[in-house]
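# Chain and residue survey
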Amino acid sequence: MYKFLIWFGLCMAWVGNGFTKDTDMPTGYTILRDVSEDWLVYDESYGGDVPYMKNRHTQLKTLSFWLPAESYKPYRLLFYAQQNSYLYIQKKLACQFKKTGWHSFSIDSLQQKYGQNALFCTFYDAQYKLPLPAIAIVMRQEKNTEIRATSETPKSSLDRTPRSPDYKDWAILTLALIGILHTILYNYNSKTFFSFFSLKSSLSTLSRKDPNLINKPFNGINFLYLSVHGFSISYFYILWAIYQDNTLGTLPFSFKYSFLTLFLSHAYYWLLVLGLLVGKLVSIWLFGRLLSIERQVALIHYFEYMRFSYLGYSAWIALASIVFCCYGEYNFYFFAFSFYFILFFHLIQGILVSFFLTRQLPLLNLYIFYYLCATELTPWLIGVKMLLF
(Lines give C-alpha, C1' and ligand atoms only; values in the text may rest on other atoms or scores of the structure.)
Protein backbone atom coordinates (compact mmCIF):
# COMPACT_ATOMS: atom_id res chain seq x y z
CA MET A 1 0.00 0.00 0.00
CA TYR A 2 2.75 2.44 0.97
CA LYS A 3 4.71 1.71 -2.21
CA PHE A 4 1.62 2.48 -4.28
CA LEU A 5 1.06 5.77 -2.43
CA ILE A 6 4.70 6.77 -2.92
CA TRP A 7 4.47 5.93 -6.63
CA PHE A 8 1.26 7.94 -7.01
CA GLY A 9 2.76 10.88 -5.11
CA LEU A 10 5.79 10.95 -7.40
CA CYS A 11 3.57 10.87 -10.49
CA MET A 12 1.45 13.75 -9.19
CA ALA A 13 4.60 15.72 -8.38
CA TRP A 14 5.82 15.18 -11.95
CA VAL A 15 2.48 16.32 -13.37
CA GLY A 16 2.38 19.26 -10.97
CA ASN A 17 5.84 20.31 -12.04
CA GLY A 18 4.73 20.35 -15.67
CA PHE A 19 1.57 22.22 -14.73
CA THR A 20 3.60 25.16 -13.46
CA LYS A 21 4.98 25.65 -16.98
CA ASP A 22 1.97 27.72 -17.99
CA THR A 23 1.44 30.63 -20.32
CA ASP A 24 0.44 33.16 -17.66
CA MET A 25 1.39 36.74 -18.42
CA PRO A 26 4.88 37.52 -17.02
CA THR A 27 4.92 39.92 -14.11
CA GLY A 28 5.88 43.52 -14.70
CA TYR A 29 3.51 44.17 -17.63
CA THR A 30 0.14 45.83 -18.00
CA ILE A 31 -2.06 44.67 -20.87
CA LEU A 32 -3.29 47.49 -23.08
CA ARG A 33 -4.85 45.40 -25.83
CA ASP A 34 -5.62 41.69 -26.09
CA VAL A 35 -4.60 40.90 -29.67
CA SER A 36 -6.19 37.42 -29.52
CA GLU A 37 -9.52 39.18 -30.12
CA ASP A 38 -8.23 40.47 -33.49
CA TRP A 39 -7.25 37.20 -35.17
CA LEU A 40 -7.96 36.89 -38.89
CA VAL A 41 -7.99 33.69 -40.94
CA TYR A 42 -8.01 33.33 -44.72
CA ASP A 43 -11.30 31.87 -45.93
CA GLU A 44 -11.30 30.48 -49.46
CA SER A 45 -15.08 30.70 -49.76
CA TYR A 46 -14.89 34.50 -49.21
CA GLY A 47 -11.57 34.94 -51.00
CA GLY A 48 -10.07 36.97 -48.17
CA ASP A 49 -9.42 37.27 -44.46
CA VAL A 50 -12.32 36.89 -42.04
CA PRO A 51 -12.50 37.07 -38.21
CA TYR A 52 -11.30 33.91 -36.53
CA MET A 53 -14.09 31.74 -35.04
CA LYS A 54 -12.96 29.06 -32.63
CA ASN A 55 -15.74 26.58 -33.41
CA ARG A 56 -15.40 26.96 -37.17
CA HIS A 57 -11.70 27.39 -37.84
CA THR A 58 -9.64 24.44 -36.58
CA GLN A 59 -6.29 22.87 -37.45
CA LEU A 60 -4.78 26.14 -38.66
CA LYS A 61 -1.28 26.70 -39.99
CA THR A 62 -1.58 30.50 -40.32
CA LEU A 63 -3.29 33.28 -38.36
CA SER A 64 -2.99 37.01 -38.96
CA PHE A 65 -3.84 40.32 -37.30
CA TRP A 66 -3.41 44.04 -37.93
CA LEU A 67 -1.01 45.76 -35.55
CA PRO A 68 -1.86 49.49 -35.16
CA ALA A 69 1.77 50.51 -34.80
CA GLU A 70 1.16 54.28 -34.90
CA SER A 71 -1.27 54.16 -31.97
CA TYR A 72 0.92 51.95 -29.78
CA LYS A 73 4.44 53.15 -30.66
CA PRO A 74 5.73 53.45 -27.05
CA TYR A 75 4.68 49.92 -26.16
CA ARG A 76 5.64 46.31 -26.91
CA LEU A 77 4.07 43.31 -28.59
CA LEU A 78 4.30 40.35 -26.20
CA PHE A 79 3.25 36.80 -27.07
CA TYR A 80 3.85 33.13 -26.29
CA ALA A 81 5.07 31.26 -29.38
CA GLN A 82 5.74 27.58 -29.97
CA GLN A 83 8.99 26.07 -31.17
CA ASN A 84 9.62 26.08 -34.94
CA SER A 85 6.94 28.67 -35.65
CA TYR A 86 7.38 31.85 -37.72
CA LEU A 87 6.30 35.50 -37.66
CA TYR A 88 5.77 37.35 -40.94
CA ILE A 89 5.28 41.13 -41.07
CA GLN A 90 4.06 42.74 -44.26
CA LYS A 91 4.41 39.27 -45.87
CA LYS A 92 8.14 39.20 -45.08
CA LEU A 93 9.78 36.80 -42.64
CA ALA A 94 10.47 38.70 -39.43
CA CYS A 95 11.49 35.96 -37.02
CA GLN A 96 11.77 32.20 -36.55
CA PHE A 97 11.18 30.97 -33.02
CA LYS A 98 13.54 28.12 -32.20
CA LYS A 99 12.31 27.70 -28.62
CA THR A 100 8.88 27.66 -27.02
CA GLY A 101 8.34 30.63 -24.72
CA TRP A 102 7.64 34.35 -24.37
CA HIS A 103 8.84 36.82 -27.02
CA SER A 104 8.47 40.58 -27.23
CA PHE A 105 9.09 43.24 -29.89
CA SER A 106 9.25 47.00 -29.65
CA ILE A 107 6.36 48.33 -31.73
CA ASP A 108 8.25 51.55 -32.46
CA SER A 109 11.17 49.55 -33.89
CA LEU A 110 8.83 47.48 -36.03
CA GLN A 111 7.20 50.61 -37.45
CA GLN A 112 10.57 52.18 -38.29
CA LYS A 113 11.75 48.97 -39.98
CA TYR A 114 8.64 48.40 -42.12
CA GLY A 115 7.61 52.05 -42.56
CA GLN A 116 3.85 51.58 -42.13
CA ASN A 117 1.38 52.93 -39.59
CA ALA A 118 -0.47 49.59 -39.51
CA LEU A 119 1.43 46.33 -39.87
CA PHE A 120 -0.08 43.11 -41.17
CA CYS A 121 1.36 40.29 -39.04
CA THR A 122 1.02 36.57 -39.70
CA PHE A 123 2.03 33.60 -37.58
CA TYR A 124 2.85 30.33 -39.34
CA ASP A 125 3.08 26.97 -37.57
CA ALA A 126 3.30 23.77 -39.63
CA GLN A 127 2.35 21.72 -36.56
CA TYR A 128 -1.17 23.22 -36.27
CA LYS A 129 -0.55 24.78 -32.83
CA LEU A 130 -2.37 28.02 -33.60
CA PRO A 131 -3.83 30.23 -32.25
CA LEU A 132 -1.17 31.35 -29.81
CA PRO A 133 -1.98 30.73 -26.13
CA ALA A 134 -1.42 34.43 -25.36
CA ILE A 135 -0.66 37.64 -27.29
CA ALA A 136 -1.11 41.27 -26.26
CA ILE A 137 0.16 44.81 -26.58
CA VAL A 138 1.68 45.66 -23.20
CA MET A 139 3.49 48.37 -21.30
CA ARG A 140 6.13 47.84 -18.67
CA GLN A 141 5.15 48.66 -15.12
CA GLU A 142 7.47 51.06 -13.32
CA LYS A 143 8.03 50.65 -9.63
CA ASN A 144 6.40 53.16 -7.27
CA THR A 145 4.38 54.77 -10.06
CA GLU A 146 0.64 54.83 -10.42
CA ILE A 147 -0.75 53.41 -13.64
CA ARG A 148 -3.09 55.89 -15.25
CA ALA A 149 -6.38 54.83 -16.74
CA THR A 150 -6.42 54.59 -20.52
CA SER A 151 -9.22 54.58 -23.02
CA GLU A 152 -8.99 50.77 -23.08
CA THR A 153 -9.24 49.31 -19.59
CA PRO A 154 -6.28 46.99 -18.97
CA LYS A 155 -7.16 43.41 -18.18
CA SER A 156 -5.53 41.48 -15.36
CA SER A 157 -4.89 38.45 -17.51
CA LEU A 158 -5.19 37.32 -21.09
CA ASP A 159 -8.20 35.53 -22.49
CA ARG A 160 -6.34 32.37 -23.36
CA THR A 161 -8.13 31.33 -26.50
CA PRO A 162 -8.78 28.50 -27.13
CA ARG A 163 -7.71 27.08 -23.77
CA SER A 164 -8.77 28.24 -20.32
CA PRO A 165 -6.88 27.76 -17.04
CA ASP A 166 -9.96 25.89 -15.82
CA TYR A 167 -9.18 23.06 -18.22
CA LYS A 168 -5.86 22.23 -16.64
CA ASP A 169 -7.20 22.84 -13.14
CA TRP A 170 -9.99 20.37 -13.82
CA ALA A 171 -7.61 17.89 -15.47
CA ILE A 172 -5.22 17.91 -12.49
CA LEU A 173 -7.97 17.59 -9.87
CA THR A 174 -9.78 14.83 -11.77
CA LEU A 175 -6.52 12.93 -12.27
CA ALA A 176 -5.90 13.16 -8.53
CA LEU A 177 -9.42 11.83 -7.89
CA ILE A 178 -8.79 8.88 -10.25
CA GLY A 179 -5.58 8.12 -8.37
CA ILE A 180 -7.41 8.27 -5.04
CA LEU A 181 -10.12 5.91 -6.30
CA HIS A 182 -7.54 3.37 -7.45
CA THR A 183 -5.71 3.72 -4.13
CA ILE A 184 -8.95 2.94 -2.29
CA LEU A 185 -9.54 -0.12 -4.50
CA TYR A 186 -6.00 -1.31 -3.87
CA ASN A 187 -6.33 -0.79 -0.12
CA TYR A 188 -9.71 -2.55 -0.02
CA ASN A 189 -8.41 -5.78 -1.57
CA SER A 190 -4.98 -5.88 -3.19
CA LYS A 191 -5.55 -9.40 -4.56
CA THR A 192 -8.63 -8.27 -6.48
CA PHE A 193 -6.77 -5.17 -7.66
CA PHE A 194 -3.95 -7.23 -9.17
CA SER A 195 -6.45 -9.66 -10.69
CA PHE A 196 -7.57 -6.85 -12.98
CA PHE A 197 -4.18 -5.19 -13.41
CA SER A 198 -2.33 -8.39 -14.20
CA LEU A 199 -0.45 -9.59 -17.26
CA LYS A 200 -1.48 -13.18 -16.52
CA SER A 201 -4.73 -14.38 -18.08
CA SER A 202 -7.40 -16.17 -16.08
CA LEU A 203 -6.48 -19.40 -17.94
CA SER A 204 -2.85 -19.33 -16.85
CA THR A 205 -1.81 -22.01 -14.36
CA LEU A 206 0.09 -19.29 -12.49
CA SER A 207 -3.00 -17.10 -12.21
CA ARG A 208 -4.71 -16.99 -8.82
CA LYS A 209 -7.79 -14.96 -9.52
CA ASP A 210 -10.89 -14.95 -7.39
CA PRO A 211 -13.54 -17.13 -9.18
CA ASN A 212 -16.27 -14.68 -8.09
CA LEU A 213 -14.68 -11.99 -10.28
CA ILE A 214 -15.38 -14.17 -13.31
CA ASN A 215 -18.58 -15.98 -12.30
CA LYS A 216 -20.37 -12.92 -10.92
CA PRO A 217 -19.60 -10.03 -13.30
CA PHE A 218 -22.16 -7.71 -11.67
CA ASN A 219 -21.46 -8.28 -8.00
CA GLY A 220 -20.59 -5.26 -5.87
CA ILE A 221 -16.81 -5.27 -6.28
CA ASN A 222 -16.97 -5.93 -10.02
CA PHE A 223 -19.42 -3.10 -10.57
CA LEU A 224 -17.20 -0.80 -8.50
CA TYR A 225 -14.20 -1.58 -10.72
CA LEU A 226 -16.39 -1.17 -13.78
CA SER A 227 -17.51 2.27 -12.59
CA VAL A 228 -13.97 3.46 -11.84
CA HIS A 229 -12.81 2.19 -15.23
CA GLY A 230 -15.66 4.03 -16.96
CA PHE A 231 -14.76 7.16 -14.99
CA SER A 232 -11.16 6.94 -16.20
CA ILE A 233 -12.09 6.36 -19.86
CA SER A 234 -14.54 9.28 -19.79
CA TYR A 235 -11.74 11.47 -18.39
CA PHE A 236 -9.61 10.62 -21.42
CA TYR A 237 -12.39 11.48 -23.88
CA ILE A 238 -13.07 14.78 -22.11
CA LEU A 239 -9.39 15.69 -22.59
CA TRP A 240 -9.78 14.77 -26.23
CA ALA A 241 -12.95 16.86 -26.57
CA ILE A 242 -11.23 19.84 -24.93
CA TYR A 243 -8.34 19.62 -27.38
CA GLN A 244 -10.76 19.39 -30.31
CA ASP A 245 -12.73 22.38 -28.92
CA ASN A 246 -15.75 20.12 -28.39
CA THR A 247 -15.95 19.16 -32.07
CA LEU A 248 -16.21 15.43 -31.35
CA GLY A 249 -19.95 15.98 -31.59
CA THR A 250 -21.12 13.92 -28.63
CA LEU A 251 -21.32 16.42 -25.78
CA PRO A 252 -24.68 17.97 -24.83
CA PHE A 253 -22.91 20.76 -22.91
CA SER A 254 -20.71 23.41 -24.50
CA PHE A 255 -17.52 24.38 -22.71
CA LYS A 256 -17.81 27.77 -21.00
CA TYR A 257 -14.54 27.67 -19.05
CA SER A 258 -16.25 26.49 -15.86
CA PHE A 259 -15.96 23.48 -13.62
CA LEU A 260 -19.73 22.97 -13.80
CA THR A 261 -19.86 22.32 -17.55
CA LEU A 262 -16.74 20.15 -17.33
CA PHE A 263 -18.31 18.18 -14.48
CA LEU A 264 -21.59 17.72 -16.36
CA SER A 265 -19.79 16.67 -19.54
CA HIS A 266 -17.64 14.21 -17.59
CA ALA A 267 -20.74 12.74 -15.92
CA TYR A 268 -22.40 12.39 -19.33
CA TYR A 269 -19.40 10.59 -20.80
CA TRP A 270 -19.11 8.39 -17.70
CA LEU A 271 -22.71 7.21 -18.00
CA LEU A 272 -22.23 6.68 -21.73
CA VAL A 273 -19.09 4.57 -21.26
CA LEU A 274 -20.67 2.66 -18.38
CA GLY A 275 -23.65 1.87 -20.60
CA LEU A 276 -21.35 0.61 -23.36
CA LEU A 277 -19.46 -1.67 -20.95
CA VAL A 278 -22.71 -3.09 -19.59
CA GLY A 279 -23.98 -3.48 -23.15
CA LYS A 280 -20.82 -5.45 -23.96
CA LEU A 281 -21.69 -7.99 -21.27
CA VAL A 282 -25.29 -8.19 -22.45
CA SER A 283 -24.18 -8.84 -26.04
CA ILE A 284 -21.73 -11.54 -24.90
CA TRP A 285 -24.42 -13.23 -22.81
CA LEU A 286 -27.08 -12.94 -25.54
CA PHE A 287 -24.98 -14.27 -28.42
CA GLY A 288 -23.52 -16.92 -26.16
CA ARG A 289 -27.02 -18.25 -25.49
CA LEU A 290 -28.07 -18.02 -29.13
CA LEU A 291 -24.98 -19.85 -30.40
CA SER A 292 -24.79 -22.45 -27.61
CA ILE A 293 -21.56 -21.12 -26.12
CA GLU A 294 -20.99 -22.36 -22.58
CA ARG A 295 -21.81 -19.83 -19.89
CA GLN A 296 -18.37 -20.15 -18.29
CA VAL A 297 -16.70 -19.41 -21.62
CA ALA A 298 -18.77 -16.25 -22.07
CA LEU A 299 -17.95 -15.09 -18.52
CA ILE A 300 -14.23 -15.64 -19.08
CA HIS A 301 -14.59 -13.74 -22.35
CA TYR A 302 -15.98 -10.69 -20.53
CA PHE A 303 -13.41 -10.82 -17.73
CA GLU A 304 -10.51 -11.03 -20.19
CA TYR A 305 -12.01 -8.19 -22.21
CA MET A 306 -12.17 -6.01 -19.08
CA ARG A 307 -8.66 -7.01 -17.97
CA PHE A 308 -7.16 -5.97 -21.30
CA SER A 309 -9.17 -2.73 -21.22
CA TYR A 310 -7.82 -1.91 -17.77
CA LEU A 311 -4.23 -2.52 -18.84
CA GLY A 312 -4.38 -0.68 -22.16
CA TYR A 313 -6.49 2.32 -21.22
CA SER A 314 -4.81 2.88 -17.84
CA ALA A 315 -1.42 3.25 -19.49
CA TRP A 316 -2.77 5.46 -22.28
CA ILE A 317 -4.81 7.67 -19.92
CA ALA A 318 -1.77 8.22 -17.69
CA LEU A 319 0.24 9.27 -20.75
CA ALA A 320 -2.62 11.49 -22.00
CA SER A 321 -2.86 13.36 -18.69
CA ILE A 322 0.90 14.00 -18.61
CA VAL A 323 0.97 15.26 -22.21
CA PHE A 324 -2.13 17.44 -21.76
CA CYS A 325 -1.07 19.00 -18.45
CA CYS A 326 2.70 19.24 -18.92
CA TYR A 327 3.57 19.20 -22.60
CA GLY A 328 0.70 20.87 -24.44
CA GLU A 329 2.87 21.50 -27.48
CA TYR A 330 2.59 17.78 -28.27
CA ASN A 331 -1.20 17.57 -27.99
CA PHE A 332 -1.63 17.60 -31.76
CA TYR A 333 0.59 14.57 -32.29
CA PHE A 334 -0.72 12.68 -29.29
CA PHE A 335 -4.44 13.01 -30.01
CA ALA A 336 -3.93 12.45 -33.73
CA PHE A 337 -2.18 9.17 -32.88
CA SER A 338 -4.89 8.29 -30.33
CA PHE A 339 -7.28 7.45 -33.19
CA TYR A 340 -4.97 4.74 -34.42
CA PHE A 341 -3.96 3.56 -30.96
CA ILE A 342 -7.59 2.91 -30.00
CA LEU A 343 -8.32 0.99 -33.19
CA PHE A 344 -5.10 -1.03 -33.03
CA PHE A 345 -5.53 -1.73 -29.31
CA HIS A 346 -9.06 -3.09 -29.72
CA LEU A 347 -7.95 -5.18 -32.70
CA ILE A 348 -5.16 -6.78 -30.64
CA GLN A 349 -7.55 -7.13 -27.72
CA GLY A 350 -10.05 -9.00 -29.90
CA ILE A 351 -7.34 -11.30 -31.27
CA LEU A 352 -6.02 -12.20 -27.82
CA VAL A 353 -9.49 -12.73 -26.36
CA SER A 354 -10.39 -14.94 -29.34
CA PHE A 355 -7.23 -16.97 -28.73
CA PHE A 356 -8.20 -17.54 -25.09
CA LEU A 357 -11.73 -18.57 -26.07
CA THR A 358 -10.67 -21.09 -28.70
CA ARG A 359 -8.42 -22.77 -26.13
CA GLN A 360 -11.48 -23.59 -24.03
CA LEU A 361 -13.53 -25.22 -26.78
CA PRO A 362 -12.92 -28.80 -27.94
CA LEU A 363 -13.69 -28.04 -31.59
CA LEU A 364 -13.53 -24.98 -33.80
CA ASN A 365 -16.89 -24.57 -35.50
CA LEU A 366 -19.06 -21.97 -37.15
CA TYR A 367 -20.76 -21.14 -33.86
CA ILE A 368 -17.59 -19.79 -32.25
CA PHE A 369 -16.80 -17.90 -35.48
CA TYR A 370 -20.26 -16.28 -35.50
CA TYR A 371 -19.96 -15.56 -31.77
CA LEU A 372 -16.60 -13.81 -32.18
CA CYS A 373 -17.86 -11.85 -35.19
CA ALA A 374 -20.91 -10.66 -33.25
CA THR A 375 -19.06 -9.73 -30.04
CA GLU A 376 -15.61 -8.58 -31.26
CA LEU A 377 -15.27 -8.07 -35.01
CA THR A 378 -18.52 -6.18 -35.65
CA PRO A 379 -18.01 -3.66 -32.77
CA TRP A 380 -14.45 -3.10 -33.98
CA LEU A 381 -15.65 -2.35 -37.53
CA ILE A 382 -18.27 0.03 -36.12
CA GLY A 383 -15.49 1.81 -34.22
CA VAL A 384 -13.44 2.13 -37.41
CA LYS A 385 -16.48 3.61 -39.17
CA MET A 386 -17.11 6.15 -36.38
CA LEU A 387 -13.50 7.24 -35.93
CA LEU A 388 -12.24 7.36 -39.51
CA PHE A 389 -15.23 7.90 -41.80
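Residues numbered from 1 in each chain as written. Predicted model: local features only at pLDDT ≥ 70, side-chain atom pairs only at ≥ 80, totals over all residues. Heavy atoms only, no water.

### Side note on the overall build of the chain
This is how the line gets drawn: Helix and strand definitions follow DSSP, with helices as H or I runs of at least four residues and strands as E runs of at least two, each counted in order from the N terminus. To sort residues, take the accessible area from a 1.4 Å probe on protein chains only and compare it with the maximum for the residue type: under 20% means buried, over 50% means exposed, and anything in between is partly exposed.
The secondary structure content of the chain amounts to ten helices and ten strands. Taking all 389 residues of the chain together, the buried fraction comes to 47%.

### Things to note about the packing of aromatic side chains
Operational definition: Only Phe, Tyr and Trp rings are paired, with Trp represented by its six-membered ring, and only when their centres lie within 6.5 Å; those with planes under 30 degrees apart are stacked, over 60 edge-to-face, the remainder tilted.
Under the definition given, this model contains 30 aromatic pairs. Measuring from ring centre to ring centre gives 6.1 Å for Trp 39 and Phe 123, while their planes differ by 80°; the resulting arrangement is edge-to-face. One end of the pair, Trp 39, is in the loop between β1 (29-34) and β2 (40-43); the other, Phe 123, is in strand β9 (residues 119-124), with 84 residues separating them in the sequence. Like Trp 39, the residue Phe 123 is buried in the burial classification.

### Details of the packing of helix α6 (residues 220-243) against helix α8 (residues 295-326)
Rules: Working convention: axes come from line fits to C-alpha atoms, limited for helices to the stretch in contact. Angles between N-to-C directions cover 0 to 180 degrees. Angle categories: roughly parallel below 35 degrees, roughly antiparallel above 145, roughly perpendicular from 65 to 115, and oblique for all the rest. Each crossing is labelled by how the near helix is turned from the far one, with a counterclockwise turn of less than a right angle marking it left-handed and a clockwise turn marking it right-handed. Whether two residues are in contact is decided by their heavy atoms: any pair within 4.5 Å suffices. Put simply, Ala, Val, Leu, Ile, Met, Phe, Trp, Tyr, Cys and Pro go in the nonpolar bin, Asp, Glu, Lys and Arg in the charged bin, and everything else, Gly too, in the polar bin.
Two numbers describe how α6 lies on α8: the axes approach to 10 Å, and their chain directions differ by 40°. Classified by the angle between their axes, α6 and α8 sit oblique to one another. Seen along the crossing, α6 lies across α8 with a hand that is left-handed. Contacts between α6 and α8 involve Tyr 225, Leu 226, His 229, Ser 232, Ile 233, Tyr 235, Phe 236, Tyr 237, Leu 239 and Ile 242 on the former and, on the latter, Tyr 302, Met 306, Ser 309, Tyr 310, Tyr 313, Trp 316, Ile 317, Ala 320, Ser 321 and Phe 324. Across the contact of α6 with α8, the residue classes break down as 16 nonpolar, four polar and no charged.

### Re the sheet that holds strand β10 (residues 135-140)
This is how it is decided: Whether two strands pair depends on DSSP finding at least two bridges between them.
Taken together, four strands build an open sheet; the order of strands is β1-β10-β5-β8 and the sheet is antiparallel. Pairing within the sheet leaves two strands with one partner each, and these edge strands are β1 and β8 (101-106). Geometrically, the sheet is characterised by an average inter-axis angle of 35° between neighbouring strands, direction not taken into account. Where strand β5 (residues 76-81) lies against β8, six bridges are found, and the strand directions are antiparallel.

### Describing a nonpolar patch on the surface
Short version of the rule: Exposure above 30% relative accessible area and the absence of a salt bridge qualify a residue for a patch, where like charges join within 9 Å and nonpolar side chains (Val, Leu, Ile, Met, Phe, Trp, Tyr) within 5 Å. Using a 1.4 Å probe, the Shrake-Rupley method yields the accessible areas, and only the shown protein chains count as cover for residues. For this analysis, a salt bridge means a side-chain nitrogen from Lys or Arg found within 4 Å of a carboxyl oxygen belonging to Asp or Glu.
A surface patch of nonpolar side chains, about 420 Å² in accessible area, is lined by Phe 344, Leu 347, Ile 348, Ile 351 and Leu 352. Turning to its location among the elements, Ile 348 is positioned in helix α9 (residues 331-360). By relative accessible area, Ile 348 is classed as partly exposed at 32%.

### Structural notes on the pattern of salt bridges
Where charged atoms of side chains with opposite charge meet at close range, the side chains can pair. Using the criterion set out here, one finds two salt bridges in the structure. Ionic pairing is found between Asp 38 and Arg 33, a salt bridge with its closest N-O pair at 3.1 Å.

### Describing unusual backbone geometry
Here the residue pair Leu 130 and Pro 131 is connected by a cis peptide bond, since its omega of 0° sits within 30 degrees of zero. Among the secondary structure elements, Pro 131 is positioned in the loop between β9 and β10. One non-glycine residue, Asn 84, lies in the positive phi region at around 60°. Assignment of secondary structure puts Asn 84 in the loop between β5 and β6 (85-89). Non-glycine residue Gln 90 carries a positive phi angle of around 55°. By secondary structure assignment, the location of Gln 90 is in the loop between β6 and β7 (92-97).

### Here we look at the side chain of Ser 338
Inspection of the secondary structure assignment puts Ser 338 in helix α9. Other than its neighbours up to four places away in sequence, Ser 338 contacts Phe 236, Trp 240 and Trp 316.

### Quick notes on helix α7 (residues 259-290)
Where we set the bar: Expected helix span is given by 1.5 Å per residue-to-residue step, counting one fewer step than there are residues.
Its 32 residues give α7 an end-to-end C-alpha distance of 46 Å, which sits within 8% of 46 Å, the value for a rise of 1.5 Å per residue. Downstream of α7 by a residue or two, Ser 292 has a phi angle that is positive, lying close to 60°.

### What about helix α2 (residues 107-114)?
Quick note on the threshold: Within this analysis, the arc is defined by the directions that extend from the helix axis to the C-beta atoms.
Buried within α2 we find Ile 107, Leu 110, Gln 111 and Tyr 114. On an axial view of α2, the arc spanned by its buried residues comes to 100°, and they lie on one face. With respect to the buried face of α2, the exposed residues turned more than 90 degrees away are Gln 112 and Lys 113. Backbone geometry just downstream of α2 places Gly 115 in the positive-phi region, at approximately 65°.

### Quick notes on the confidence of the model for the chain
For the record, the criterion: You can read pLDDT as the predictor saying how much it trusts each residue, on a scale of 0 to 100.
Averaged over every residue, the pLDDT of the chain is 76; the share at 70 or more is 76%. Within the chain, no element has a lower average pLDDT than helix α1 (residues 2-19), which sits at 48, and none a higher one than β9, at 91. A low-confidence stretch, residues 13-22 stays under pLDDT 50, and its non-local contacts, those more than four residues away or across chains, total 19 contacts. For residues 144-165, every residue scores under 50 in pLDDT, and the model assigns this stretch 40 contacts once sequence neighbours within four places are set aside.

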